[in-house]
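# Reading the structure
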Amino acid sequence: MPERDSISWTTMITGLTQNGLDREALVLFRKMRFEGLPIDQFTFGSILTACGGLQAIEEGKQLHAFMVRTYHSENVIVGSALVDMYSKCRNIKYAGTTFSTMPNKNIVSWTAMVVAYGQNGFSEEAVKAFCDMQRNGVDPDDFSLESVKSSCANLASLEGAQFHGRALVSGLISFITVSNALVTLYAKCGSIEESHRLFDEMSVKDEVSWTALVSGYAQFGKATETIDLFEIMLRQGLQSDGLAVVDKGRFYFESTVKEHGITPILDHYTCMIDLFSRSERLVEAKDFIQKMPCTPDAFGLIFIPPGLPIRVVKNLRVCGDCHTATKIISKTPQRSSCKRCR
């Protein structure tokens, strides 16, 4: 660009922070200051995000001092960004002081403070800040409700039920993030039946929804229900999310045997094999099958939801007769099949 103004520089800094290039954003910000260009609230907001991402609290303090000198710290956008920056740098004292001295606060600044308390382990303070927000006439949004419910869940306090009522009245219950937080809240508070009821009422569920409910059952030692839920989750066609979901599945499965003394049935073994296979961890699937105390059957093909194609991933290093197996699978009635090699 032959000519670059403050907007051009700020746009570039924002782009870097949004793509996780926080250090590069800081370098560019220093160059912008060297050029003598004016800096506004949006520039400060972006560069504070970079400081938070890097946990660069010293740079953040220097910026804070510069904002005070230039009277930008009284801006609600800049103040909210400062609270968020100090929170990510694990300095809740500075975050609280900055928030309390802000002359104007909106939903963003209040939510930043609620999140700051919650993420730094101050769950009671997070709930108190949320209540103070409402007393000051600021209505919560889906993000602030989700944040305070997570704090209530960490407290394992059924006081969070009042936030459920708030979500229903405001209509924010329709946000999946809010519903997921409530499922987690009730499960951690020991009300697994209420957690499951809310889960069943959700019109849309994602991996977070399922994981919240499964984790709730596992937390209270309901091993059979935990494995059964994992099986239903896979039947719904949800894709496993890489290592995390597979490892959680393995943990739930092993806990049924080691911690609760429950003998898994054949369907539970099939569930685990399907989980390994969906994540293309075929060596582990083969090893799991070989260690099964019972003879595996062909339920794995029926286990795939009706109407969906059977996806076959061949690995000749693991299976010495993949071609024959693929031919048999392709003859499955009323099913198409997709094949690829690894």
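Here the residue index of a chain counts from 1 through its sequence in written order. Confidence filtering applies because this is a predicted model: local features only for residues at pLDDT of at least 70, side-chain atom pairs given and counted only at 80 or more, and all residues used for totals across whole chains, interfaces and linings. Where side-chain values are given, they derive from all heavy atoms of the structure, hydrogens and water being excluded.

The name an unreviewed UniProt entry gives the protein is DYW domain-containing protein, with Anisodus tanguticus as the organism. UniProt positions are given in the numbering used here, feature names are shortened, and annotations may be inferred rather than shown by experiment. In its Sequence similarities (unreviewed entry) section, UniProt records this for the protein: "Belongs to the PPR family. PCMP-H subfamily."

### Considerations on the side chain of T17
Structurally, the position occupied by T17 is in helix α1 (residues 6-18). Exposure categories follow from relative accessible area, calculated using a 1.4 Å probe and restricted to protein chains: below 20% of the type maximum is buried, above 50% is exposed, and the middle band is partly exposed. Residue class for T17 comes out buried when judged on its relative accessible area of 12%. Within 3.5 Å is the distance limit for a polar contact, defined as a pair of N or O atoms, with the added protein rule that one can donate a hydrogen and the other accept it, and that residues adjacent in sequence qualify only through two side-chain atoms. A polar contact is formed between the side chain of T17 and the backbone oxygen of T14, at a distance of 2.7 Å. Contacts are assigned to residue pairs that have any heavy atoms within 4.5 Å of one another. Every residue in contact with T17, bar those within four places of it in the chain, is listed here: D22, A25, S46 and A50. Secondary structure elements are defined from DSSP: runs of H or I of at least 4 residues count as helices, runs of E of at least 2 residues count as strands, and each element is numbered from the N terminus.

### Looking at the packing of aromatic side chains
Note on aromatic pairs: the rings of Phe, Tyr and Trp (six-membered ring only in Trp) are paired at centre separations within 6.5 Å, and the planes decide the class, stacked below 30 degrees, edge-to-face beyond 60, tilted for the rest. In total, this model carries five aromatic pairs according to the counting rule given. Here Y86 and Y94 contribute two aromatic rings whose centre-to-centre distance is 5.3 Å and whose plane-to-plane angle is 75°, an arrangement assigned as edge-to-face. With a relative accessible area of 34%, Y94 lands in the partly exposed category. Their ring planes at 75° and their centres at 4.9 Å tell us that F199 and W210 sit as a pair that is edge-to-face. A residue pair is termed long-range when its members are at least 10 positions apart, and F199 in helix α12 (residues 192-201) and W210 in helix α13 (residues 207-219) qualify at eleven residues. Given a relative accessible area of 6%, W210 falls into the buried group. Two limits define a charge over a ring: the Lys NZ or Arg CZ must be within 6 Å of the ring centre, and within 35 degrees of the ring normal. Over the face of the ring belonging to F99 we find K105, whose NZ or CZ atom lies 5.1 Å from the ring centre.

### Concerning the nonpolar core
Membership of the largest hydrophobic core comes to 39 residues, with the highest contact counts inside it found for F44, I47 and L63. Listing elements by their share of this core, those giving two or more residues are α1, α2 (22-34), α3 (41-54), α4 (57-69), α5 (76-88), α6 (92-100), α7 (107-119) and α8 (123-135). Broken down by element, this core gets its largest block of residues, six residues, from α5. Leaving out residues up to four positions away in the same chain, F44 has contacts with F29, I39, L63, F66, M67, H72 and V78. Among buried residues, those of type Ala, Val, Leu, Ile, Met, Phe, Trp, Tyr and Cys that are joined through side-chain atoms within 4.5 Å constitute a nonpolar core. Ranked by size, the runner-up nonpolar core spans 20 residues in total, among them V178, L185, V214 and F230.

### Regarding the confidence of the model for the protein
On a range of 0 to 100, pLDDT expresses the predictor's confidence in each residue. Residues of the protein with pLDDT of at least 70 account for 66%, and the chain-wide mean is 76. Here residues 299-305 is modelled with pLDDT under 50, and outside its nearest four sequence neighbours on either side it reaches 21 contacts, counting other chains as well.

### Remarks on the environment of M32
In this structure, M32 sits in helix α2. The class of M32 is buried, set by a relative accessible area of 0%. Sequence separation between M32 and T10 is 22 residues, and the spatial gap between their C-alpha atoms is 8.8 Å. Sequence-distant contacts of M32, defined by excluding residues within four places in its chain, comprise S6, W9, T10, I13, L37, P38, I39 and T43.

### Details of the side chain of S46
Checked against the element boundaries, S46 lands in helix α3. For S46, a relative accessible area of 10% corresponds to the buried category. Other than its neighbours up to four places away in sequence, S46 contacts I13, T14 and T17.

### Structural notes on the packing of α3 against α5
The angle between two axes is taken between their N-to-C directions and runs from 0 to 180 degrees, where each axis is a line fitted to C-alpha atoms and a helix contributes only its stretch in contact. Contact geometry for α3 and α5: axes closest at 8 Å, N-to-C directions at 5°. Taken as axis vectors, α3 and α5 run roughly parallel relative to one another. Along the contact surface, α3 presents Q41, F42, F44, G45, L48, C51 and G52, while α5 presents I77, V78, A81, L82, M85 and K88. Gly falls in the polar group here, along with every residue not listed as nonpolar (Ala, Val, Leu, Ile, Met, Phe, Trp, Tyr, Cys, Pro) or charged (Asp, Glu, Lys, Arg). Of the residues belonging to the contact of α3 with α5, the class tally is nine nonpolar, three polar and one charged. Here is the rule for angles: anything less than 35 degrees is roughly parallel, anything more than 145 is roughly antiparallel, 65 through 115 is roughly perpendicular, and the remaining ranges are oblique.

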